[in-house]
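So the chains spell out like this:
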Amino acid sequence: MKHSKTGARDLPPDLLSCVEFHGHLCPGLIYGYRVAKEARKLLGAARSHDEEIVAEPENASCAVDALQIILGTTPGKGNLIIKDHGKNAYTIFSRPAGKGFRFSRKTGYVYEGERPDEFRTLEKATREKTAGEKELRRQKELKARDLALKPFDHIFSTREVDFSPPPHAELAPSKACARCGEMTMESRMTREEGRGMVCAPCAKTNRNG
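These figures come from a predicted structure and were not determined experimentally. (Residues numbered from 1 in each chain as written. Predicted model: local features only at pLDDT ≥ 70, side-chain atom pairs only at ≥ 80, totals over all residues. Heavy atoms only, no water.)

## Comments concerning the pairing of strand β1 (residues 53–57)
- Taken across its 5 residues, β1 has 5 buried, putting it largely inside the fold.
- Alternating residues of β1 divide into I53, A55 and P57 and V54 and E56, and every residue in both groups is buried.
- Pairing geometry for β1 and strand β2 (residues 89–94), over 5 bridges, is antiparallel. Pairing of V54 across the sheet is with F93, part of β2. (Buried < 20%, exposed > 50% of the residue type's maximum accessible area, 1.4 Å probe, protein only. Helix = DSSP H or I, 4+ residues; strand = E, 2+ residues; numbered from the N terminus. Pairing = 2+ DSSP bridges.)

Here you go:
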């Protein structure tokens with residue numbers, strides 16, 4: 001990767017696609033990008049067109065957007081299962097390969113990128129809450145570029161896990177809620193005595209009186 005003082009057009013095309021989808025370059029996006037690339041390499045997997053790959057990130061951070069672009073895992077296809085524990089950890093399964101790997105960020109981080117003096121100044125301003133929006137963006141970009149160039153095993157530990165992906169995405173017909181009339185997946189509805197099938201919000205409203 002080439003370094004650029006401003007902008008992101010010098011990035012690899014697939015990382016640039018992640019930035020364009022996410023909206024900016026930041027460390028969180030790089031974590032997801034690096035994990036996704038490593039997972040594809042270890043699993044011998046192409047980008048998932050259906051549910052061939054399943055991602056289970058343990059956070060709801062910027063990293064998840066990179067998983068969507070590189071792995072093709074999305075909420076709509078049912079192969080992106082967010083388990084928001086606030087952990088920088090990710091389990092990726094390949095159904096065709098019958099394998100899965102868990103990636104967990106190692107402790108500690110030392111900046112080794114370009115312009116270290118500038119980075120230290122930005123870090124200090126951020127810590128002291130005197131950094132403006134432009135400075136915060138610049139700090140994120142410098143750290144992201146540093147993370148993009150570090151060896152993967154300096155950032156994450158990797159271990160193979162038992163192959164236990166979730167079931168394929170559920171398919172079920174929709175029907176009108178007996179209370180609000182809105183179309184709802186039938187398997188997500190509950191039966192209300194005297195009315196019939198109702199959606200979760202209506203059932204909750206009824207329970208709360």
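Read on for the rest.
## Here we look at the nonpolar core
- Among the nonpolar cores identified, the biggest contains 35 residues, and V35, Y90, I92, F103 and F156 are the most heavily contacted of them.
- Going through the elements one at a time, α1 (13–22), α2 (27–43), β1, α3 (63–71), β2, β3 (99–105), α5 (133–149) and α6 (152–155) are the ones with two or more residues in this core.
- With 8 residues, α2 is the single largest residue contributor to this core.
- Within the second largest apolar cluster, 7 residues are counted, among which are C177, M197, C199 and C202. (Core = buried A, V, L, I, M, F, W, Y, C linked by side-chain atoms within 4.5 Å.)

## Quick notes on α1
- Within the sequence span of α1, burial applies to L15, L16, C18, V19 and H22. Axial view of α1: buried residues confined to an arc of 155°, hence all on one face.
- Lining the buried residues of α1 we find α2 and α3.
- Following α1 by one or two positions, G23 has its phi on the positive side, about 115°. (Arc of directions from axis to C-beta. Contact = heavy atoms within 4.5 Å.)

## What about the UniProt feature "domain: Formylmethanofuran dehydrogenase subunit E" (unreviewed entry) in the chain?
- Feature annotation in UniProt places "domain: Formylmethanofuran dehydrogenase subunit E" (unreviewed entry) on residues 21–156, given in this structure's numbering.
- Segment residues 21–156 splits into 45% helix and 14% strand. End C-alpha atoms: 24 Å apart. (UniProt positions renumbered as here; feature names shortened; annotations may be inferred.)

## Quick notes on the environment of R34
- With respect to the helices and strands, the residue R34 is situated in helix α2.
- Taking the relative accessible area as the measure of exposure, R34 reaches 13% and is therefore buried.
- Sequence spacing of R34 and E192 is 158 residues, and the spatial spacing of their C-alpha atoms is 48 Å.
- In contact with R34, other than residues within four places in its own chain, are L147, A148, L149, K150, P151, F152 and I155.

## Some points on the sheet that holds β1
- Strands sit in the order β1-β2-β3-β4 across an open sheet of 4 strands; the sheet is antiparallel. Two strands bound the open sheet, and with one partner strand each, they are β1 and β4 (156–161). Pairwise comparison of adjacent strand axes, ignoring direction, gives a mean angle of 20° for this sheet.
- Bridging between β3 and β4 involves 6 bridges; their strand directions are antiparallel. Residue R102 lies in a different strand from β4, and its bridge partner there is R159.
- Here α2 sits on the sheet in contact with β2, β3 and β4, set at roughly 150° to β3.
- Set on the sheet, α3 makes contact with β1 and β2; between it and β1 the angle comes to about 175°. (Axes fitted to C-alpha atoms, helices over the stretch in contact; angles between N-to-C directions.)

## Brief notes about the packing of α1 against α2
- Their axes nearest at 11 Å, the elements α1 and α2 cross at an angle of 140°. By the angle between their directions, the pair α1 and α2 is classed as oblique. Regarding α1 and α2, the two cross each other, and that crossing is right-handed. Only L29, I30, Y33 and K37 of α2 make contact with α1, whose side of the interface consists of D14, L15, C18, V19 and H22.
- Of the residues assigned to the contact of α1 with α2, the class counts are 6 nonpolar, 1 polar and 2 charged. (Parallel < 35°, antiparallel > 145°, perpendicular 65-115°, else oblique. Left-handed = near helix turned anticlockwise from the far one by under 90°. Nonpolar A, V, L, I, M, F, W, Y, C, P; charged D, E, K, R; others polar.)

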